[in-house]
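# Chains, contacts and geometry: an overview
Each chain, written out:
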Amino acid sequence: MLITTVQSEADVQGILTLQQANLRKNVPPSVQLDQGFVTVEHDPNVLLRMNQAAPSIIAKDGDTVVGYALTMLPEFGSDVPELLPLFNLIDTLTYQEKSIQTYQWYVMGQICVAEGYRGQQLFDRMYQHHREVYGNRYQLLITDISANNMRSLRAHARVGFGSIHEFYDPAIGETWVIVAWNWR
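Residues numbered from 1 in each chain as written. Predicted model: local features only at pLDDT ≥ 70, side-chain atom pairs only at ≥ 80, totals over all residues. Heavy atoms only, no water.

### Quick notes on the overall build of the protein
This is how it is decided: Segments assigned H or I by DSSP are reported as helices when at least four residues long, segments assigned E as strands when at least two residues long, and all are numbered from the N terminus. Note that the radius of gyration is over C-alpha atoms, with the globule rule given as 2.2 Å times the number of residues to the power 0.38. For each residue, the accessible area found with a 1.4 Å probe, counting protein chains only, is set against the maximum for its type, and the residue is called buried under 20%, exposed over 50%, and partly exposed in between. The contact definition used throughout considers only heavy atoms, calling two residues in contact when any of these lie within 4.5 Å. Note on areas: Shrake-Rupley, 1.4 Å probe, and residue coverage restricted to the protein chains presented here. Counting rule applied: Lys, Arg positive; Asp, Glu negative; His and chain ends not counted. In this description, the location of a charge corresponds to atom NZ of lysine, CZ of arginine, CG of aspartate or CD of glutamate.
Across its full length, the protein carries 6 helices and 9 strands. Whereas a compact globule of 184 residues would reach a radius of gyration of roughly 16 Å, the protein reaches 15 Å, a difference of no more than 12%. The dimensions of the protein, computed from C-alpha atoms along their principal axes, are 45 × 35 × 30 Å. Going through the 184 residues of the protein one by one, you find that 52% of them count as buried. Taking the intrachain contacts of the protein between residues at least 6 apart in sequence as the baseline, contacts between residues at least 24 apart amount to 66%. Of the roughly 8,900 Å² of accessible surface on the protein, 48% is carried by carbon and sulfur atoms. The centroid of the 13 positive side-chain charges in the protein is displaced by 6 Å from the centroid of its 19 negative side-chain charges.

Given below as structure tokens:
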């Protein structure tokens, strides 16, 4: 399995295909509990621009994208309406008693591993590749996880993320956990 960065529009399309298969609306509740899900459906043009600015990390089996961990720089926060509240909230948070704004940081916009490829350490390997590619430019990698997505919460803790804040989103009636991974 190759862990690399997005290299082409075909890679971006591969992300979108995998995303569709794993959106909460397309995954039965029993599978959501056991295997997890993704919540945001990205606009293809925004996703392409995000990857031109800072390529996302992907896992490939031949030419097929079987995993992704999206790189989302802060300047793209307003381009994904569902994530705007997260970016606005991050601006107000502190980490180790300092404003998040004093750190170099970016958001991992979504992570997903295809069914049939789970349990093969792709999640961990994609996050390690994030650190290899971006660790010299950024100190914090931040993301948020549905409090209902226990598989994802456990996996993020395993690779080094720690909780820095929780918030309730009344628009969807769900609690979210903001986690950060400090690379220094």
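Now that the structure has been shown, we can carry on.
### Things to note about the nonpolar core
Heads up, the condition is: Side-chain atoms within 4.5 Å link the members of a nonpolar core, which is a set of buried Ala, Val, Leu, Ile, Met, Phe, Trp, Tyr and Cys residues.
By size, the foremost hydrophobic cluster in this structure holds 62 residues, and its most contacted members are Tyr127 and Ile142. Of the residues forming this core, the biggest block, 7 residues, is contributed by strand β6 (residues 105-113).

### Considerations on helix α5 (residues 122-134)
The condition is simple: How far a helix is expected to stretch is found by multiplying one less than its residue total by 1.5 Å.
Compared with the 18 Å implied by 1.5 Å per residue over 13 residues, the 18 Å span of α5 between its first and last C-alpha is a close match. For α5, the full list of buried residues reads Leu122, Phe123, Asp124, Met126, Tyr127, His129, His130 and Tyr134.

### Some details on helix α1 (residues 9-22)
Basically, it comes down to this: Polar contacts, as counted here, are pairs of nitrogen or oxygen atoms within 3.5 Å of one another; within protein the pair requires one atom able to donate a hydrogen and one able to accept it, and residues that are adjacent in sequence qualify only if both atoms are side-chain atoms.
The end-to-end C-alpha distance of α1, which contains 14 residues, comes to 20 Å, matching closely the 20 Å that a straight helix rising 1.5 Å per residue would cover. In this fold, the buried residues of α1 make contact with β1 (2-5), α3 (44-53), β2 (57-61), β3 (64-72) and β6. Backbone nitrogen of Ala10 and a side-chain oxygen of the N-cap are separated by 3.3 Å at the start of α1; the cap is Ser8.

### Topic: the pairing of β2
We count it as follows: In this scheme, strands are said to pair when DSSP sees at least two bridges between them.
Where burial is concerned, most of β2 is hidden: 4 out of the 5 residues are buried. As paired strands, β1 and β2 are joined by 4 bridges and run antiparallel to one another. Bridge pairing in β2 places Ile3 opposite Ala59. In textbook terms, the turn of a hairpin is the stretch between consecutive antiparallel strands, and for β2 and β3 this stretch comprises 2 residues, one of which, Gly62, has a positive phi near 65°.

### Details of the sheet that holds strand β9 (residues 174-182)
Paired through backbone hydrogen bonds, the strands of a sheet run either parallel or antiparallel to each other. This is how it is decided: Orientation is described by axes fitted as lines to C-alpha atoms, over the contacting stretch for helices, and by angles from 0 to 180 degrees between their N-to-C directions.
Strands sit in the order β1-β2-β3-β6-β7-β9-β8 across an open sheet of 7 strands; the sheet is mixed. Across the chains shown, the open sheet's two edge strands, defined by having one partner strand only, are β1 and β8 (162-169). Between one strand and the next, the sheet's axes are offset by a mean angle of 25°, whatever the strand orientation. Pairing of β2 with β3 involves 5 bridges; the strand directions are antiparallel. Bridging from a neighbouring strand, Ala59 pairs with Gly67 of β3. Most of the contacts of helix α6 (residues 150-159) go to strand β7 (residues 140-146), to which it runs at about 160°, and overall it touches β6, β7 and β9.

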